[in-house]
Structure formats: structure tokens, C-alpha cells
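Summary of the model geometry
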Amino acid sequence: MALTTPDPPVDLTQLFPELRAYARTAVRLHPRPGKPTMHDSHIGGPLIWPVAESWPACDQTLQMPAAPFGEPGWADWGERVPETPTPMVGVAQFYARDIPEIPFPEGADLLQVLWCPNEHNLDDIWGPAPLLVWRNTADLTDVLTEPPMRHHATPDSLPGISAADLSREDYLPRPCVLHPERVTEYPDNEELPEKVRTALNEWDDQADDGSYQYLLSMAPGCKIGGWESWHLTDMYPLPCTVCGTETEPLLKLDSSEWDGGSEPRWRPWEERHLEWGTPECEETVEPTTLALGRSGALTIFLCPRSVEHGYRLTIQ
């Protein structure tokens, strides 16, 4: 199924030619609940995994609430060291044949994303602790026939994870198939030169078809590449911890695909007949069931010089 983003209400590059230099292609993933296999690009489905390779686990200190959600003491958080390492959750995988825009290192054509489904006090954020695995599919000759499925489940049904060691059920993605679509994005106005930013803000305040932030710049929802939205915090640098080069967005995992402010532009044409509040509509707005930050988005950034330099994270 093709999902199509409406055209922008106005071509800003005609009004502000300087913006052409900042155009980036983003791949809207358009995840929708389904039954992906290990041979598909997906969010929340089974990962293709070598028989001889152990499933990764996390032994980092967890940030745990003092009581279950809604009970007295829930707001009090403290550190807890798990009795045994916590098995990671398969979050997503992307084949180069489907999304060649990913900066695969030489010899790799598959990216797998896992994380520990718990709250961690990381260098950049409080959130799940990710793991990126780059593979060459030609090497995957002997794989598990039934890869671990540890997602979209209750704590008691997660093999190897006790209820006491699971702080965030909303870090467990629902299996979704993808419908990639390429769109053009422009940056948050904080990333633009002051002269362009000032002129754009003045136009935005007066134009009937304005709203640069919601309708004309960055796509909401899960995506590859594009620009980061700095709507929660002021923009801040994210240099590579190895070489100091400013990192760039790789993958954005969003709590929702669009909201009331962004719907006029970013809700796909093919789903506009679905009525608000119906289960069918809810599956298009919150397909993965992930809840990151305060209904925000987690973005993984990579160094443009080498993916081997690690990653940086934001929640916006």
C-alpha cells in the first residue's frame, strides 16, 4: 500500500531561495500494524539473527519507579541494578534494498536496532539504551527459525524479564510493516542563518497558509534522515564523541505519526477518510504504541564520517 503526503500549501523556495541549500530528503516510514517477518524491513517485528550469536542483554543500572504506575510513590524514582542482565528488545530492522538512504558502512546492507526496554540515565537523555547492529546479509546463512519476540507484551509474558525489572512497557513496539515515502524537509528555524530566520518568522506571522514549524519544514512520525525538530528544547550541539564532527539524524521513532497541528499537511491522503476516535484511525496515528518522553520522539544521530563512532540521542 502506498501512503502519500500532501504537497505543501506553498513553495517556500520561491519566497526564500536561500532555503534550497538546506533541503534534505527524509524517508517517512509510515509504520502500520501488521505481521512482518525477519526478511522484511519493519518496526517491532522479528530480527533475522545468527544461530551462533548470543542475543544481546543490558547490564546497565536501571532507573526504576518506587511503585507501579498510579500507586503512591510512583513518582519517586531510584537506581536499581538488575539481578541478571535484561534481554534487549528488537525495535527495528532496515534492509538497504528498501531504504538505501541509510549510511550503511562498506560491506553492510542491514541495520538492526535493539534497546533495553527500561529507563536509563544516559549521557544525552533519560530513556531506553539502544544498540545498533550493522550486518551483511550474505553472511546470514544459518539463522534462528524463531527469533526472540520480546515486544508488545505484558511484563509477565516477556521471557527473561521479570516484572520487577521492566520500568517502561511503552518501550515495547507493536509489530509494524513499513510503507517508505520520500519527502523534502527544511530545518528547524533555529538552524537557519539569522537573516533568513527573521524573514521567515515575519512571513510566518502574517501568511494565511503559514506555520513553518507544523506544515512546511519537518515531517512528524517515524522516519529516516531529514532534520531534527527542536520544539521541546532550544537547539544544542551534538558532536561526535570520537572526532568532534557534528552528528546527523539517522532514525526518528515518534510516539505519533501526526497531531492536530501537523495533520493538514502530514496525514496521508489514503487515510483521511478514517474518523477520529475509531480504532482504525488510532492505528494510523499511534501505530507502534511507543511512548517516548512526554509523547515525543527519540532520534538517533550518527557521525557522518563513520557509523563506527557511536551515536548521540535526543528526545523532543
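Residues numbered from 1 in each chain as written. Predicted model: local features only at pLDDT ≥ 70, side-chain atom pairs only at ≥ 80, totals over all residues. Heavy atoms only, no water.

**Side note on unusual backbone geometry**
In this structure, His30 is a non-glycine residue whose phi angle is positive, near 45 degrees. Take His30: its relative accessible area is 0%, and that puts it in the buried class. Positive phi values are uncommon outside glycine, yet Thr289 reaches one of about 65 degrees. Locating Thr289 in the fold gives a position in the loop between helix 5 (279-285) and strand 15 (297-302). (Buried < 20%, exposed > 50% of the residue type's maximum accessible area, 1.4 Å probe, protein only. Helix = DSSP H or I, 4+ residues; strand = E, 2+ residues; numbered from the N terminus.)

**Overview of the sheet that holds strand 9 (residues 110-121)**
Backbone-to-backbone hydrogen bonds join strands into a sheet, with any given pair of strands oriented parallel or antiparallel. Strand order in the open sheet formed by 6 strands is 2-11-3-8-9-10, and the pairing between neighbours is antiparallel. This sheet does not close on itself; its edge strands, each paired only once, are strand 2 (32-33) and strand 10 (126-135). As paired strands, strand 2 and strand 11 (residues 176-177) are joined by 2 bridges and run antiparallel to one another. Residue pairing for strand 11: Pro33 is matched across the bridge by Cys176. (Pairing = 2+ DSSP bridges.)

**Some thoughts on the pairing of strand 10**
Of all 10 residues in strand 10, 8 are buried; the element is thus mostly enclosed. As paired strands, strand 9 and strand 10 are joined by 9 bridges and run antiparallel to one another. In the sheet register, Leu110 faces strand 10, and the bridge partner there is Arg135. Linking two consecutive strands that pair antiparallel, namely strand 9 and strand 10, is a turn of 4 residues.

**Quick look at the sheet that holds strand 13 (residues 223-225)**
Here we have 6 strands laid out as an open sheet, ordered 12-1-13-14-15-16, and antiparallel in their pairing. Each of the sheet's edge strands pairs with one partner strand only, and the pair in question is strand 12 (181-185) and strand 16 (311-315). Across the sheet, the axes of successive neighbouring strands diverge by a mean angle of 25 degrees, strand direction being ignored. Pairing geometry for strand 13 and strand 14 (residues 248-254), over 2 bridges, is antiparallel. Bridging from a neighbouring strand, Ile224 pairs with Leu251 of strand 14. (Axes fitted to C-alpha atoms, helices over the stretch in contact; angles between N-to-C directions.)

**Some remarks on the packing of aromatic side chains**
Any aromatic ring pair is given by two values, namely how distant the centres are and how the planes are angled relative to each other. Counted according to the given criterion, the structure contains 6 aromatic pairs. Ring plane angle 80 degrees and centroid distance 6.3 Å describe the contact between Phe16 and Trp203, whose orientation is recorded as edge-to-face. Taken together, the positions of Phe16 in the loop between helix 1 (12-15) and strand 1 (24-28) and Trp203 in helix 2 (residues 194-206) put the pair 187 residues apart, joining distant regions of the chain. Here Phe16 falls in the buried class, since its relative accessible area comes to 10%. Ring centres of Trp115 and Tyr171 lie 6.1 Å apart, and the angle between their planes is 65 degrees; this geometry places the pair in the edge-to-face category. Taken together, the residues Trp115 in strand 9 and Tyr171 in the loop between strand 10 and strand 11 connect sequence positions 56 residues apart. As far as the burial class goes, Trp115 and Tyr171 line up, both buried. (Phe/Tyr/Trp six-rings, centres within 6.5 Å; stacked < 30°, edge-to-face > 60°.)

**Thoughts on the pairing of strand 9**
Every other side chain in a regular strand lies on the same face of the sheet, so the side chains alternate between the two faces. Counted residue by residue, strand 9 has 11 buried out of 12 residues, so it is predominantly covered. When strand 8 (residues 89-95) meets strand 9, the two strands line up antiparallel, connected through 6 bridges. Note on strand 9: the bridge partner recorded for Ala92 is Val113.

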